[in-house]
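The chain contents come next:
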Amino acid sequence: MGKIFCDIKKCLGCKSCEIACAVEHSESKNTFQAIREEKKPRQRVVVRSTSKEPFPLRCHHCEEAPCVQACMSGAMYKDEQGFTKHDEDKCVGCWMCIMVCPFGAISRQESLALKCDLCPDKEDSFACVEGCPTKALFVGTWEEFKKKLGQEKR
Amino acid sequence: MKKEDKSIDKASQELLEIAEKEGIDTAWDRYEAMVPQCGFGELGLCCRNCLLGPCRIDPFEEGPQKGVCGATPEIIGARNLTRMIAAGAAAHSDHGRDIAHTLLMTAQGKTKSYGVKDEQKLLSLADELGIKTDGRDKKEIAIEVAEKVFSEFGQQHGELQFSHRAPEKRQALWRKLGIMPRGIDREIVEVMHRTTMGVDNDCENLITHGMRTALGDGWGGSMIATELSDVLFGTPRPIRAKVNLGVLKQDEVNLVVHGHEPTLSDVIVTASQDKELIELAKKNGAKGINLAGICCTANEILMRHGIPIAGNFLQQELAITTGAVDLMLVDVQCIMPALSSVAKCFHTKIVSTSPKAKFPGAEHVEFKEEEALPIAKKIVRMAVENFKNRVKEKVNIPNEKMDLVAGFTAETVFKFLGGKYRATYRPLNDAIISGRLRGVAGIVGCNNPKIKQDWGHVEMAKELIKNDVLVVVTGCSAIASAKAGLLKPEAAFQYAGKGLQEICETVGLPPVLHVGSCVDNSRILITLSNVVAEGGLGDDISDLPVAGAAPEWMSEKAVSIAFYFVSSGVFTVLAPPFPILGSKEVTELLTRKLEGIVGANFAFESDPIKAAHLMIDHINKKREALKLKPVMYEREKMVVK
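Residues numbered from 1 in each chain as written. Chains lettered and ligands numbered in written order. Predicted model: local features only at pLDDT ≥ 70, side-chain atom pairs only at ≥ 80, totals over all residues.

J.: Please explain the overall build of chain A as it appears in this structure.
T.: Counting its regular elements, chain A contains 6 helices and 8 strands. Listed N to C, the secondary structure of chain A is β-α-α-β-β-α-β-β-α-β-β-α-β-α in terms of helices and strands. Taking 2.2 N^0.38 as the reference for a compact globule, 154 residues should give roughly 15 Å; the C-alpha atoms of chain A span a radius of gyration of 16 Å, in line with that estimate. Here the C-alpha coordinates of chain A stretch approximately 50 × 40 × 35 Å along the principal axes. Here chain A holds 154 residues, and 32% of them are scored as buried. Contacts in chain A between residues at least 24 apart in sequence constitute 55% of all its contacts with a sequence separation of at least 6. (Helix = DSSP H or I, 4+ residues; strand = E, 2+ residues; numbered from the N terminus. Rg over C-alpha atoms; globule rule 2.2 N^0.38 Å. Buried ≥ 20, exposed ≤ 12 C-beta atoms within 10 Å, placed from the backbone. Contact = placed C-beta atoms within 7 Å.)

J.: Could you clarify how one ought to interpret the interface of chain B and chain A in this entry?
T.: When the parts of a complex come together, some accessible area is lost, and that lost area is often used as the size of the interface. Listed per partner, the contact involves 14 residues of chain B and 16 residues of chain A. Broken down by element, the side of chain B that touches chain A gets its largest block of residues, 4 residues, from helix 4 (residues 39-43) of chain B.

J.: Would you explain unusual backbone geometry in this entry?
T.: Trans peptide bonds make up most of the peptide bonds, and negative phi angles are found at most residues other than glycine. The step from B:G53 to B:P54 runs through a cis peptide bond, and the omega angle for that step is 10°. Along the chain, B:P54 falls in the loop between strand 1 (46-47) and strand 2 (55-56). The step from B:A575 to B:P576 runs through a cis peptide bond, and the omega angle for that step is -5°. The topology assignment puts B:P576 in the loop between strand 15 (571-574) and helix 25 (584-598). The phi dihedral of A:W95 falls on the positive side, at around 65°, and the residue is not glycine. The topology assignment puts A:W95 in the loop between strand 5 (84-86) and helix 4 (96-100). C-beta crowding within 10 Å serves as the criterion here: with 14 such atoms nearby, A:W95 is assigned to the partly exposed category. A positive phi angle, near 50°, is found at A:E110, a position not held by glycine. Structurally, the position occupied by A:E110 is in the loop between strand 6 (107-109) and strand 7 (112-114).

J.: Would you take a moment to explain the nonpolar core for this structure?
T.: In globular proteins that are soluble, nonpolar side chains generally tend to be buried together. Residue and element names in this part refer to chain B. If you look at the biggest cluster of nonpolar residues, it comprises 252 residues, and the most contacted ones within it are I268 and V471. Ranked by the residues each element gives to this core, the list is headed by helix 5 (residues 73-107), at 15 residues. Each residue touching I268, except ones within four places of it in the same chain, is listed here: V257, L291, L329, A376, I379 and V380. (Core = buried A, V, L, I, M, F, W, Y, C linked by C-beta atoms within 7 Å.)

J.: Hey, could you run me through the sheet that holds strand 16 (residues 602-604) of chain B in this one?
T.: For sheets, the rule is that strands pair by backbone hydrogen bonds, running either parallel or antiparallel. All names here are of chain B. Ordered in space as 13-12-11-14-15-16, the 6 strands form an open sheet in which the pairing is parallel. Because the sheet does not close on itself, it has two edges, and the strands there are strand 13 (512-514) and strand 16. Neighbour-to-neighbour, the strand axes of this sheet turn through a mean angle of 25°, independent of strand direction. Summarising the sheet, strand 14 (residues 546-550) and strand 15 pair through 4 bridges and their orientation is parallel. Paired with A550 across the bridge in strand 15 is L574. Lying over the sheet, helix 19 (residues 455-466) contacts strand 11 (439-443), strand 12 (469-473), strand 13 and strand 14, oriented at roughly 150° with respect to strand 12. Set on the sheet, helix 26 (residues 608-625) makes contact with strand 11, strand 12, strand 14, strand 15 and strand 16; between it and strand 14 the angle comes to about 160°. (Pairing = 2+ DSSP bridges. Axes fitted to C-alpha atoms, helices over the stretch in contact; angles between N-to-C directions.)

Function cannot be read off these values alone, since they describe shape.
Structure follows, in structure tokens:
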């Protein structure tokens, strides 16, 4: 599976990725029910903006991930495919990962760190990408993404 | 999505396959491309009413919880929903206004294309509206009726005349709550005022005014549309006809009318029977002219002339996909803008007719009452002349068609229960009191690709009649039930419970009664008032063992309808839910608190069987409160998980 890229020129800041992410991480995986669940489902992507340009901010699964290096309990780790994963059982809530993340892509849920887990319940797609109405979010390799940008009229 | 998941209708499934093969985009394809739909919109958490925004509230409570002005989910949800009521009420009421206009022009002699077909109804309406009838010319009476009705739209104070048809107790409640509608247009305008930036910020106060507006539709605009249509085009009587895309004909000119107002479609019926035009059709190689309808304009001419129905809302594109429609005439409401692009794949001409509704890619032949018949003939001629352009290889008419009986009204059907010579509601009331009938339910509303086409309507209707609940249907729901064969008297033996079966057999009624178009939901209101007046079942509509549902709704009109039913005291189940679930308080108000205010609630349930059982449970609760006998043939209680 490829990585998630964002063509920020296409991002309208609608926050649909946020809702899709939260719903995907709910018990029911249904918008209407998710909002009533006792444990509020939390999104792992957040729409931010630089001056006027909105963009979705989430874990970039950095090749050399500062969060993994900084994690003292070994909760943040790299899986076989090189994605950055978080083992909640090991997390001690020291927030070092939050301190060192250059993107600000990690947040807190009670005493645990919270970040993009690449939708483990989905087989071959991601909730935020599916939820993006302008197709600003894209899944593939860096080469594929570059090719896509090149093909589209800028 | 597989075709079996898109529709339960075989004709739809067959044409969806063809559409896919030919690369024709349908509402289902466009829906799939739209999924997931905006969660803020679904939950009613976005506000675009002023340019401090657009604002949206995070339903998961991490992001903003208030709009820039400070609006909470409660305010935003209630404001948006109230605006939906206003739009729906405006659509029905403007339709009613157009019919009143036609009546006025007819009476003034400004158009020769219409006449007063039901004089009796004109006279009784005149009486009700306080217009003298003794020794007066019919035309004079008709002018005065039309003018009086017109004044109901612009009335600034007082009460709508037809609201006095409701039971006394209900009227008193409306007055007490301050929701008795004053004027049809006034309430709609007030919604727009209250919901603009910085006016009404109390969700209950907003919804309460929404109810007043909706009542102005049900007991005003819609009721006017129904009553004056009966005056002009005749009060429907039970009539046999056929339904589904199989009514289109291989060897005849197929003209399909689609939309809502009967003013043009009724005249098209006359024009399509014109000898000269039939002759012209024959010269063009067709055997005749076949007229069929889609949506409510179809219901109007079905009930009065037995004109076949080609399909309901989600079949408008599929009708064109048959390649056999030579012309589709459209007027207002529920007409997909996609029609002209589907028509481009075929020879079909789309003709728009209303100055209020133009469609890029369609030909526009403007309808005027003064020249209704010549315009109708012109359009029929266009259809006839287009027959020769039909491409034989592209014609795929499904075999599916079904028999039906339609044309029941508050005046006819229930009185038939008592026989011709003692026309009364007594037998209906007695049937409910004795427990032969559990109660009555109305199933109304649209199609929506979010729900398998017709599945919601048909499964719900079957479950209700199985449990001895007599079902009345209107609009696209009526067409769904018709296609499934539920409007045939024989359906009682196949699907109805024993009690309902006995009644249907005795009187020769189908277990599901077609009572008209969507403005004809007003016929259901009148029927309910008549049942209360007949006695023995309480003294308000909210006492009756009845319930309503819109299991596949999509239009704002359905919101208005749902609200006037609940405000009249009828428990109503909806699918999909109103876009307000993001607000706890508004959800609580609509699904619980309203019962204490107007005697009825909303419920949201997407499974039609579970929804039917919510209705049955409600009916049972009302029977218990009335201390009625147990239902005569009670089935084993179904456990709904």
